[in-house]
Structures are given as structure tokens and as C-alpha cells.
Amino acid sequence: MKIILIRHGKSECDFSKRLTSQDYREWVIKYREAGICDEAPEDVRRALKNGSHVCTSDLRRAIDSAKSAVTIQSDSVYRELELPYFHVKLLKLNPRIWTVFYRFLWLIGLSKQVETQKQAKKRAKLAAQQLEASAIKHGTVILVGHGFFNRFIGSTLTKHGWALKGNKGSANWTIHTYIK
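Remember, it's a predicted structure, so these values are computed and weren't measured experimentally.

Rules used in this analysis
- Residues numbered from 1 in each chain as written.
- Predicted model: local features only at pLDDT ≥ 70, side-chain atom pairs only at ≥ 80, totals over all residues.
- Heavy atoms only, no water.
- Core = buried A, V, L, I, M, F, W, Y, C linked by side-chain atoms within 4.5 Å.
- Buried < 20%, exposed > 50% of the residue type's maximum accessible area, 1.4 Å probe, protein only.
- Helix = DSSP H or I, 4+ residues; strand = E, 2+ residues; numbered from the N terminus.
- Contact = heavy atoms within 4.5 Å.
- Pairing = 2+ DSSP bridges.
- Axes fitted to C-alpha atoms, helices over the stretch in contact; angles between N-to-C directions.
- Parallel < 35°, antiparallel > 145°, perpendicular 65-115°, else oblique.
- Left-handed = near helix turned anticlockwise from the far one by under 90°.
- Salt bridge = Lys/Arg side-chain N within 4 Å of Asp/Glu carboxyl O.
- Phe/Tyr/Trp six-rings, centres within 6.5 Å; stacked < 30°, edge-to-face > 60°.
- Lys NZ or Arg CZ within 6 Å of the ring centre and 35° of its normal.

So, on to the nonpolar core. Counting 23 residues, the largest nonpolar core has Ile3, Tyr78, Leu131, Phe152 and Ile153 as the members making the most contacts within it. Those elements giving two or more residues to this core turn out to be strand E1 (2–7), helix H5 (117–138), strand E4 (140–145) and helix H6 (147–159). Examining the composition of this core, we find that six residues originate from one element, H5, more than from any other. In contact with leucine 131, other than residues within four places in its own chain, are Ile3, Leu5, Cys55, Tyr78, Val141, Leu143 and Ile153.

In C-alpha cells form, the structure reads like this:
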């Protein structure tokens, strides 16, 4: 059995402008709704075309990234982990820097009004169980999801006896294959 986790393509959002924390909050809303601006590499297109069961999160960038699959099943359980928000005065940063800053705060336990790490791990366990059930039924299941949450799912799969075949990092379009 195989579970293949693929990170979505590059977002069509502009990452180059420096933003205040309030502007970044609005940017995140646009990012959640945005599609992708690049094409899947050949190995991803081939996997999606050959996949007997393809799942995505319900966010547009994941769905758009799986467009070469014959059929897809979208589910909010596979959504990316949300970031907390804290108003920071007089500071303008690139969206990538804001993301790292807020993810760091989340990792040290400052989750504010978003899902906590404990809740995220519980959701990752549920997502992994769904993928395992699909793998039992279909042999191979593909999830087109999001970088950080895919890592949480992968960690859960490893704890359940799945072996990671290779590790290609966390960039857009990366593929992580788990075998059991």
C-alpha cells in the first residue's frame, strides 16, 4: 500500500510586498482563496493521472494543483494549519517573514484563536486514518495538501508503521511517498 502526499503548487499571491501585521492578516484571507500560478511537474502529473484515489484539502490551491487527476475528493480535514494573529505596530515585513514569525509563535504554544498543536495532531491522526482506510481499499491514495499539515500527517503515518521513501523537502510540488 502507498500513501503519497504532494504539496500544492505555487500560490498566485504576491509575496514580494512588505506588509504591516494588519495588511498581512488581509493577505492571508486572499491566500486562502487563491489558486496557483504554475504547472505541475511531470512526476506530479503522472502520479495524479495514475492515482486511483486522489484527495485534496478544500482550499482552491490544493484543488487546482490536482486538476490533472481524473476525480478528486476534497475535505476540510486536510486544510493547512492556521496561523495565530497578533497586531504588531510599526513593522512591515514580507509575507514569508510574517508566516515564519507567526508559525514560530504557534509552535511555542501561542495559538490565540486558532487550532492548537494538540488539536492539530488530533486532526492529523484523523486525516491519516482516512488515508490509511483509502489505501486499504484502493492500494494507493494521493493527497494534494499543504506543507506544514502534510508533515503532521506524515509524522502520524510513521508512528503507525508507514515508511517514508525518500524525502524531497518542503517546496511546492514535493512528493513524499509512504509505504506499508
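By the criterion of burial, E4 is predominantly enclosed, with five of the six residues buried. Relative to E4, E1 runs parallel, the two being bridged by six bridges. Counterpart to arginine 7 in the pairing with E4 is glycine 145. Relative to E4, strand E2 (residues 54–56) runs parallel, the two being bridged by three bridges.

This part is about the packing of H5 against H6. Axes are the key here: two packed helices are described by the angle between their axes and the distance separating the axes. Viewed as axis vectors pointing N to C, H5 and H6 meet at an angle of 65 degrees, and their least axial separation amounts to 8 Å. With respect to H6, the element H5 is oriented roughly perpendicular. For the pair H5 and H6, the sense of crossing is right-handed. Contact residues: Gln117, Ala120, Lys121, Arg123, Ala124, Lys125, Ala127, Ala128, Leu131 and Glu132 in H5; Phe149, Phe152, Ile153, Thr156 and Leu157 in H6.

With that settled, the discussion passes to the pattern of salt bridges. Taken as a whole and judged by the stated rule, the model has nine salt bridges. The shortest N-O distance in the salt bridge between arginine 45 and glutamate 42 comes to 2.8 Å. With arginine 45 and glutamate 42 both in helix H2 (residues 42–50), this residue pair falls three residues apart, about one helical turn. Owing to a relative accessible area of 44%, glutamate 42 belongs among the partly exposed residues under this scheme. The partner of arginine 123 in a salt bridge is glutamate 115, with the nearest N and O atoms 2.8 Å apart.

It is worth spelling out the packing of aromatic side chains at this point. Taken as a whole and assessed by the stated rule, the structure comprises 14 aromatic pairs. Ring geometry for phenylalanine 15 versus tryptophan 27: centroids 5.0 Å apart, planes at 75 degrees, classification edge-to-face. On the criterion of sequence distance, the pair formed by phenylalanine 15 in the loop between E1 and helix H1 (21–33) and tryptophan 27 in helix H1 is long-range, its members being twelve residues apart. Comparing phenylalanine 15 with tryptophan 27, the two get one shared label, buried. Taking the centre distance of 5.2 Å and the plane angle of 10 degrees together, the rings of tryptophan 27 and tyrosine 31 count as stacked. You can see tryptophan 27 and its partner tyrosine 31 sitting in helix H1, four residues apart, about one turn around the helix. Taken individually, tryptophan 27 and tyrosine 31 each receive the classification buried, so the pair is uniform in this respect. In textbook terms, an aromatic cluster arises when at least three aromatic residues are bridged by ring pairs, as seen for Phe15, Tyr24, Trp27, Tyr31, Tyr85, Phe86, Trp98, Phe101 and Tyr102. A cation over an aromatic ring shows up here: arginine 96 above the ring of phenylalanine 15, its NZ or CZ 4.1 Å from the ring centre. Sitting over the ring of phenylalanine 149, arginine 123 keeps its end group 4.0 Å from the ring centre.

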